[in-house]
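These are the residues of each chain, in order.
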Amino acid sequence: MCEDIGMRPRILTGDTPTGRLHLGHWVGSLENRVRLQDEYECFFLIANMHAFTTRAEKPEEIRRDTIEIVKDWLAVGMDPERSTFVLQTEVPAIAELTWLLAMLLPFNRVMRNPTLKEEIEAKQLGDHYSFGFPLYAVGQCADILAFRADLVPVGEDQLAHLEMCREVARRFDHLYCGVPTTTEDADYARAGGVFPVPQPKVGRIARLVGIDGVQKMSKSLGNAIFLSDEAGEIKKKTGKIFTGRQSATDPGDIKNALFQFVNAFIADPERRRELAELYTRGEVGDGTVKQEVSQAIDALVAPMRERRRAYDGPAGEARIVELLHAHAAKANAVAEDTLARAKAAMKLDFGARTLMFVP
Ligand code: ATP
Ligand code: MG
């Protein structure tokens, strides 16, 4: 039986250090992370190993972005006193689990994953991506399952990955733990499975479009407004949001990218309704709407920018490295325990081990 029953349910989610965090992250996942920190035992993971799958030749950038992402986390209110920050490369059990799970996922199942396909296209990886690139999808299953997470707050683009994770959790529990295939997803741990079948939790906006009005906002595609952008930068970027409108007196289409930003960031529902009506009738120009959007975004991120400043410079970076090191102990305690359980279920229990942490 699972020893975790009765404890707070767990969250695992995270970000790849391929750049700073943006508004899409906020509405897709960060808001939920901040809100759920008391209700859940939270593990927030920096997928720095996965950053190498597309940027192996840029270790300095990956290191810099790792630190930047932790700054973003602290800035938005993810709280290291209540939640555990996990640096993927400091948790060896995840890499081992990736191998074990890779054996339970058919190669074609991984390659059919629509999120991978979309990324290959959007990031123009062609047919020369590394072997490690599709493997990250399996690695992500291991990230989640290593912490035996119940809930995964993500944006819509991650649902295909999460479905694969759910499948592999079930398969493992059937094969090695004798959990009957008729078991309800919510009951896998109770039925003796090593892994609970995790549920996704999609944010308030499942997929925020980028300022290009085409792709999802993404840190690697040059179409993002970052949580750390200054007011001037936000103004410049919102000014570029593609609307497809020819003139300010044309009836506007409120299904366009600009109105996604209106709906996501202008807090007052009355004002949102009013703007939509005026826009549809051609009584308000893009420029006016963009200015309001820009002000609303700035009001949201200004306090984040302020909190972020506390970690500027080498002293700030040193504090972050220290924090990641300290949290690695807790992260490893959980992940090692999971791996030991998984290996025991697979008849691979040839002896216990303890990881050493050198201060
Ligand atoms: P990359 O371009 O490197 O893939 P990304 O911007 O897609 O970066 P990820 O680190 O892949 O960011 O995603 C982190 C989390 O943020 C995931 O849960 C993802 O679903 C969510 N997310 C990312 N972009 C958006 C978006 N535009 N709208 C909603 N959620 C998003
Ligand atoms: Mg992504």
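Residues numbered from 1 in each chain as written. Chains lettered and ligands numbered in written order. Predicted model: local features only at pLDDT ≥ 70, side-chain atom pairs only at ≥ 80, totals over all residues. Heavy atoms only, no water.

A. Main features of the packing of helix H2 (residues 48-55) against helix H3 (residues 59-76). Their axes nearest at 10 Å, the elements H2 and H3 cross at an angle of 145°. Where H2 crosses over H3, the two elements pack in a sense that is right-handed. On H3, the residues that touch Asn48, Ala51, Phe52 and Arg55 of H2 are Pro59, Glu61, Ile62, Asp65 and Thr66. (Axes fitted to C-alpha atoms, helices over the stretch in contact; angles between N-to-C directions. Helix = DSSP H or I, 4+ residues; strand = E, 2+ residues; numbered from the N terminus. Left-handed = near helix turned anticlockwise from the far one by under 90°. Contact = heavy atoms within 4.5 Å.)

B. Representation of the domain arrangement of the chain. Entries for the chain in the domain assignment read domain 1 (10-207 + 312-345) and domain 2 (231-309). A separation of 33 Å is found between the C-alpha centroids of domain 1 and domain 2. Contacts between the two partners involve 15 residues from domain 1, matched on the other side by 12 residues from domain 2. Taking both partners together, domain 1 and domain 2 bury about 1,000 Å²; carbon and sulfur atoms supply 56% of that area. Its largest share of buried area at the contact with domain 2, domain 1 owes to Leu23, Ala75 and Asp312, together 48% of the area lost on that side. Taken together, the connections running from domain 1 to domain 2 amount to two salt bridges. Of the charged contacts in the structure, one is a salt bridge between arginine 308 and glutamate 68, with a shortest N-O distance of 2.8 Å. Taken together, domain 1 and domain 2 are joined by five residue pairs in polar contact (both at pLDDT 80 or more). Of all the secondary-structure elements, those providing two or more residues to the side of domain 1 that touches domain 2 are helix H1 (23-35) and H3. (Domains from an automatic or database assignment. Buried area = accessible area lost by both parts, 1.4 Å probe. Salt bridge = Lys/Arg side-chain N within 4 Å of Asp/Glu carboxyl O. Polar contact = N/O pair within 3.5 Å; in protein donor to acceptor, adjacent residues only side chain to side chain.)

C. Representation of the state of the cysteines within the structure. Enumeration according to the criterion identifies zero disulfides in this entry. Residue cysteine 141 stays outside any disulfide, its sulfur separated by 4.7 Å from that of cysteine 165, the closest cysteine. In this structure cysteine 141 comes out as buried when scored by relative accessible area, which is 0%. (Disulfide = S-S within 2.5 Å. Buried < 20%, exposed > 50% of the residue type's maximum accessible area, 1.4 Å probe, protein only.)

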